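# Results of the structural survey
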Amino acid sequence: MALFSSLTPVFIAVICILIGVILKKTNGEKEKHENKSKPLSHPWVDEDLKDGTDHHLEEEEVDEEWQGLDENVAHVPFIAERYSEAEMIKRSWMFYELLNKRRSVRFLSDEPVPREVIDNVIRTAGTSPSGAHTEPWTFVVVQDPYLKHKIREIVEEEEEINYKKRMGDRWVNDLKRLRTNWIKEYLDTAPYLILIFKQVYGQLPNGKKKTHYYNEISVSIACGILLAALQNAGLYTVTSTPLNCGPQLRVLLQRPANEKLLLLLPVGYPKKDATVPALTRKPLEDIMVVM
């Protein structure tokens, strides 16, 4: 009995430790489950704008053989134009000065723009590099007033929800200094709307899907070239990501299921009384690292 009495505190201590471990494990599992079920606190992401470049097609969807691309592409001599160092410096500086005048303009005139110019800037965007030369882009040019207004209705309806519910206080406050809101008058007034769709996969003649490698990056590069081409032509735009509007706009414009809306550009001349925020750009030393 004396031995049992002396060991009792030890047993009690061991039991307490075991209970503590069990409770800790139970609470941990509970917290893990709660965290899993809680909605994430970071700003929402538009499904169409999610980067899908790393998501390859399911194995059964991909042809075992080469996916319809020409195996033996002929290679031809490449003839490059070469400039003197002085000419290179001059041309690079002039191009910088041209693009440094580029601004996001939300006050666009309804003054007509030659259609040939729009054709040419999209031709230029189509020179962009792409993964395995799949060219995974579609540029939809809208000039019909009815369609432009329907696009505006869809965008403004979703944007009001974005600003009031989805985006969160921090995002909305960051936009206040730029004086932006969900009213998009330029979608009606701009003579052209260019909607850029990324093709997340291609379609083979036999109906099977074809992988479009790095479609997100490829189309983004094409958009950058398009912005430069517009600036070169003397036209202005504002880069608009029509968040949560992709599916509705895809249906409205009768685009296939493999296309997801990436960017919407209203294109035209600025109104005579147009204004832009007095912003500055980072100096070279803040954006370039030489090693």
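For the structure, check the block above.
All of these numbers come straight from a predicted model, not from anything done at the bench.

Here is what the cut-offs are and how they apply
- Residues numbered from 1 in each chain as written.
- Predicted model: local features only at pLDDT ≥ 70, side-chain atom pairs only at ≥ 80, totals over all residues.
- Heavy atoms only, no water.
- Pairing = 2+ DSSP bridges.
- Helix = DSSP H or I, 4+ residues; strand = E, 2+ residues; numbered from the N terminus.
- Axes fitted to C-alpha atoms, helices over the stretch in contact; angles between N-to-C directions.
- Buried < 20%, exposed > 50% of the residue type's maximum accessible area, 1.4 Å probe, protein only.
- Core = buried A, V, L, I, M, F, W, Y, C linked by side-chain atoms within 4.5 Å.
- Contact = heavy atoms within 4.5 Å.
- Polar contact = N/O pair within 3.5 Å; in protein donor to acceptor, adjacent residues only side chain to side chain.
- Phe/Tyr/Trp six-rings, centres within 6.5 Å; stacked < 30°, edge-to-face > 60°.
- Lys NZ or Arg CZ within 6 Å of the ring centre and 35° of its normal.

Take the sheet that holds strand β2 (residues 192–199) next. Overall, antiparallel pairing links the 3 strands, which are arranged β1-β2-β5 in an open sheet. With one partner strand each, in any of the chains shown, β1 (137–142) and β5 (259–267) form the two edges of the open sheet. Sheet twist, expressed as the mean angle between neighbouring strand axes with direction ignored, is 20 degrees. Of the strand pairs in this sheet, β2 and β5 are connected by 8 bridges, and their pairing is antiparallel. The residue bridging glutamine 199 from the neighbouring strand is glutamate 259, located in β5.

Turning to the pairing of β2, a few remarks are in order. Counting buried positions over the 8 residues of β2 gives 8, a clear majority of the element. Burial along β2 is two-sided: the residues Tyr192, Ile194, Ile196 and Lys198 and Leu193, Leu195, Phe197 and Gln199 are all buried. As judged from the 6 bridges shared by β1 and β2, these two strands associate in the antiparallel manner. Looking at the pairing, valine 140 lines up with leucine 195 of β2.

A separate point is the nonpolar core. In this structure, Ile118, Phe139, Ile194, Ile196, Leu226, Leu265 and Val267 are the most contacted members of the largest nonpolar core, which totals 22 residues. Sorting the residues of this core by element identifies α3 (115–125), β1, β2, α7 (215–232) and β5 as the ones contributing at least two each. Top element by residues in this core is α7. It accounts for 7 residues. Beyond its immediate sequence surroundings of up to four residues, leucine 265 is in contact with Tyr192, Leu193, Ile194, Ile196, Leu226, Leu227, Leu230, Thr237, Val238 and Thr239. Counting 19 residues, the second largest nonpolar core, distinct from the first, contains Leu108, Ile154, Leu187 and Cys245.

This paragraph deals with the side chain of asparagine 258. Tracing the backbone through its elements, the reader meets asparagine 258 in the loop between α8 (246–252) and β5. Owing to a relative accessible area of 9%, asparagine 258 belongs among the buried residues under this scheme. Separated by 2.7 Å, the side chain of asparagine 258 and the backbone oxygen of tyrosine 201 make a polar contact. Beyond its immediate stretch of four places on either side in the chain, asparagine 258 contacts Lys198, Gln199, Val200, Tyr201 and Gly202.

Another point: the packing of aromatic side chains. A full pass over the atoms with the stated rule returns 1 aromatic pair. Ring plane angle 45 degrees and centroid distance 5.0 Å describe the contact between tryptophan 93 and tyrosine 96, whose orientation is recorded as tilted. Separated by 3 residues within a single helix, tryptophan 93 and tyrosine 96 lie in helix α2 (residues 85–100), roughly one turn from each other. Look at tyrosine 96 and you get partly exposed, because its relative accessible area is 42%. The ring of tyrosine 201 has lysine 209 sitting right over it, with the charged end atom 4.5 Å from the ring centre.

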